[in-house]
Amino acid sequence: MPKLIIDNIAVEVPDGTSVLEAALSVGITIPHFCWHPALGKAGACRVCAVKILEGPVKGIQMSCMLPAQDGMVVSTGDGEAVALRKSVIEWLMINHPHDCPVCDEGGECQLQDFTIAGGHGIRRYDGKKRTHVNQYLGELIEHEMNRCIQCYRCARFYQEYAGGTDFGVLGRADMVYFGRQCDGPLESPFSGNLVDICPTGVFTDRTARFRARYWDYDMAPSLCPHCSLGCNTIPAARYRELLKVMARRNDAVNGWFICDRGRFGNAAVNAPRRPRQPLVDRQPVGWDQALDTLLGRLSEFLELHGPGSLAIVGSPRMSLEGNIMAARLRDLLGAGTICYFGSSKQSEPALEAANSLTPDTAASQADVRSADLIAIVGCDLLEQAPMMALAVRQAWRNGARIYAVDCDQTTSLYAGEVAPALSALPFSEAKQPVIIYGTDHKQPDSSDDAVRSGTKLAFILNGPNDFGCALLAREQGAVPLADALAGGKIKGLLSFEADLTTELPDAVRVLAACDWQPTQLMQRAEVALPATAWIEMEGTFVNNEGRAQRFRQVMPPGLPIRGLGPDGHPPREFRKTAPGSDILPGWRLIADIIERLEGERVDVPLSGRWQKLQGINAEDAGESVL
Ligand code: FES
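Since we're looking at a predicted model, the values are computed, not measured.

What about the sheet that holds strand β15 (residues 283–284)?
Move 1: Read from one edge to the other, the open sheet built from seven strands follows the order β15-β14-β25-β24-β23-β16-β17, with strand pairing classed as mixed. The sheet terminates laterally at β15 and β17 (337–339), the two strands that pair on one side only.

A closer look at empty space enclosed by the protein
Rolled over the atoms, a probe sized like a water molecule indicates the empty space that remains.
Move 1: Here the structure, examined in full by the defined rule, presents six cavities of 30 Å³ or more.
Move 2: The space that makes up the largest cavity amounts to roughly 80 Å³.
Move 3: Only α6 (260–264) and α12 (386–397) provide two or more residues apiece to the lining of the largest cavity.
Move 4: For the lining of the largest cavity, the residue count by class is eight nonpolar, three polar and one charged.
Move 5: Empty space within the second largest cavity amounts to approximately 70 Å³.
Move 6: A per-class count over the lining of the second largest cavity returns 10 nonpolar, two polar and no charged.

Focus: the packing of aromatic side chains
Any two aromatic rings considered together are summarised by their centre-to-centre distance and by the angle between their planes.
Move 1: The final tally for this structure, using the stated rule, is 11 aromatic pairs.
Move 2: Consider the rings of Tyr152 and Phe178, whose centres lie 5.1 Å apart with planes at 90°: the pair is edge-to-face. Pair noted here: Tyr152 is in the loop between β6 (141–143) and α4 (153–161) and Phe178 is in strand β8 (residues 177–179), with a separation of 26 residues, a long-range link.
Move 3: Ring plane angle 45° and centroid distance 4.7 Å describe the contact between Phe157 and Phe257, whose orientation is recorded as tilted. Of the two residues, Phe157 sits in helix α4 while Phe257 sits in the loop between β13 (241–247) and α6, which places them 100 residues apart along the sequence.
Move 4: Owing to a relative accessible area of 0%, Phe157 belongs among the buried residues under this scheme.
Move 5: Take Phe257: its relative accessible area is 2%, and that puts it in the buried class.
Move 6: Members of the aromatic cluster, joined through ring pairs, are Phe157, Tyr161 and Phe257.
Move 7: Over the ring of Trp610 we find Arg609; its NZ or CZ atom is 4.5 Å from the centre of that ring.

Considering the nonpolar core
Move 1: Counting 146 residues, the largest nonpolar core has Leu310, Ile312, Ile376, Leu381, Met388, Ile436 and Leu494 as its most contacted members.
Move 2: Ranked by residues supplied to this core, first place goes to helix α7 (residues 287–305) with eight residues.

A word on helix α14 (residues 466–476)
Move 1: Of all the 11 residues making up α14, nine are buried; the element is thus mostly covered by neighbouring parts of the structure.
Move 2: Within the span of α14, buried status applies to Asp466, Phe467, Gly468, Cys469, Ala470, Leu471, Leu472, Ala473 and Gln476.
Move 3: In the core, the buried residues of α14 are packed alongside α8 (320–333), β17, α9 (344–356) and β26 (539–542).
Move 4: Downstream of α14 by one or two residues, Gly477 has phi in the positive range, about 65°.

Details of the sheet that holds strand β2 (residues 9–12)
Move 1: In spatial order, the strands read β2-β1-β5-β3-β4; together these five strands make up an open sheet with mixed pairing. Either end of the sheet is taken by a strand with one partner, and the two such strands are β2 and β4 (59–62). On average, adjacent strands in this sheet sit at an angle of 35° to one another, irrespective of strand direction.
Move 2: On top of the sheet, helix α2 (residues 79–94) reaches β3 (49–54) and β4; it is set at about 165° to β3, its chief contact.

Criteria and cut-off values
Residues numbered from 1 in each chain as written. Predicted model: local features only at pLDDT ≥ 70, side-chain atom pairs only at ≥ 80, totals over all residues. Heavy atoms only, no water. Pairing = 2+ DSSP bridges. Helix = DSSP H or I, 4+ residues; strand = E, 2+ residues; numbered from the N terminus. 1 Å grid on protein atoms, 1.4 Å probe; cavity = no way out; pocket = protein on both sides within 12 Å on 5 of 7 lines; lining within 4 Å. Points joined across faces, edges and corners; volume = space filled by probe spheres on them. Nonpolar A, V, L, I, M, F, W, Y, C, P; charged D, E, K, R; others polar. Phe/Tyr/Trp six-rings, centres within 6.5 Å; stacked < 30°, edge-to-face > 60°. Buried < 20%, exposed > 50% of the residue type's maximum accessible area, 1.4 Å probe, protein only. Lys NZ or Arg CZ within 6 Å of the ring centre and 35° of its normal. Core = buried A, V, L, I, M, F, W, Y, C linked by side-chain atoms within 4.5 Å. Contact = heavy atoms within 4.5 Å. Axes fitted to C-alpha atoms, helices over the stretch in contact; angles between N-to-C directions.

Structure, rendered in structure tokens:
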């Protein structure tokens, strides 16, 4: 543990820490472009210069390349170091197009920040600038090579970290080019991270191009809802329209990155067909009328058929709060059935995860990244949980052995061997083994139990809240909807953000459905209640490892100002509120129904054993519910 002094502050850091990292650990920022916490050092940009006043080395040094050593006295503000950094910025800006006013990166550009912070303002060189031809890299990412400062972050991420082969460094000397051999969409399912990782505006999000400046965005810490991993995100919205999604750092979960599905797969939030107004028998009505009609029909239904014929249906797409409230509604109505999953195919992996995992055995993505033996069982990882595949790649890069059991692992991300069974793998030789079970794996047999002892486990599930729903299903005695319907007793449903996985018999009434997506159930519902999407509300998801994480409201609900009306223009009428802005989160709607039935205000969705989750901070790593 070397001890050193940086700008008169004593610092003690683990062996192998660079001076740059040591400075950051005590809140001293040294300018940097090529160094990145997930990619390490490259020594390419030369802007991290500091002066070493005392110690084993002396003079001007690149702080990202220099390991912190005992006895070092470091000055980041020394005149010589400051002058060198200033010169480096000036050199980097010689060929830069100086196009900040029209650059989409403006306001979130590290080059802009360090240029201004370093005091560079006037371009003294009046020669011709070196220019490049940009490439078409697909519909998602815009390329502007003239802004490049040759930090190599993009190529290091794309090729080394993410295993992509269709993009890299071309050219030589002062004509280094970062791109593809020829125009065409980037092939890596992680290509969107180039946007986050580029410290200038070479790669920008084409889907959000010219729509807003960084300071215009509504932003908040959020979670990706596209698989069960719970990767952390920062969605950026403006005027009630989701414009783009950025990765948010969580070292225990996704690290610094997200996959392209999480970044670019969110068009449904802005979809014109999204439900925005309550409907009764497909006719638009006000909220009071919708809820009164629902309660009236519900009471007639219960009188006619009895509570045993009613099913309340929650969903792994809905927040934990909503699913807890669904159980409270079931209790209040005395309904015979509560369902959290569409079918047993969906519920079984989640229940197996909830029954198998303990705080000692649950493997996070960070555990997978540091594993030395990984067995992937019955899983197409890249399809079911892309970021877990990226985590496996990091372990493989560090020398881990990868085995595939009951599945084919043909991916360029890592090289693995196919094994006949878990019992054939050398678990005893490994220090940190992990087994990753996919949704298609066969039920483990007793020999699997033997190899599982001392091994961490990860289960890949379907939805963002499968794990939370499995815990609730166990607690509430829930059954999958398909099983409930097969019993023939169910004659009516109240559904909350549920997806149908099987045919719903014609005789079963959908008394009400609540969702933010135009699902089959919403279209069939007698009373259709629009709800907020996850980025328009606060809530909790429990990810595949049993980690409860909070997402915060990013933007208010309502029709985006950019015309989604029939003529492409927002409604031409004066209103004090945006159309569709009076919708509520699923849990609040259920609470409203309970209040109308009970006559008492319901405020706390996280009650009972879930109460401890109330204090989770969305910016923290989350809390285990195991
Ligand atoms: Fe040190 Fe680039 S950050 S050389």
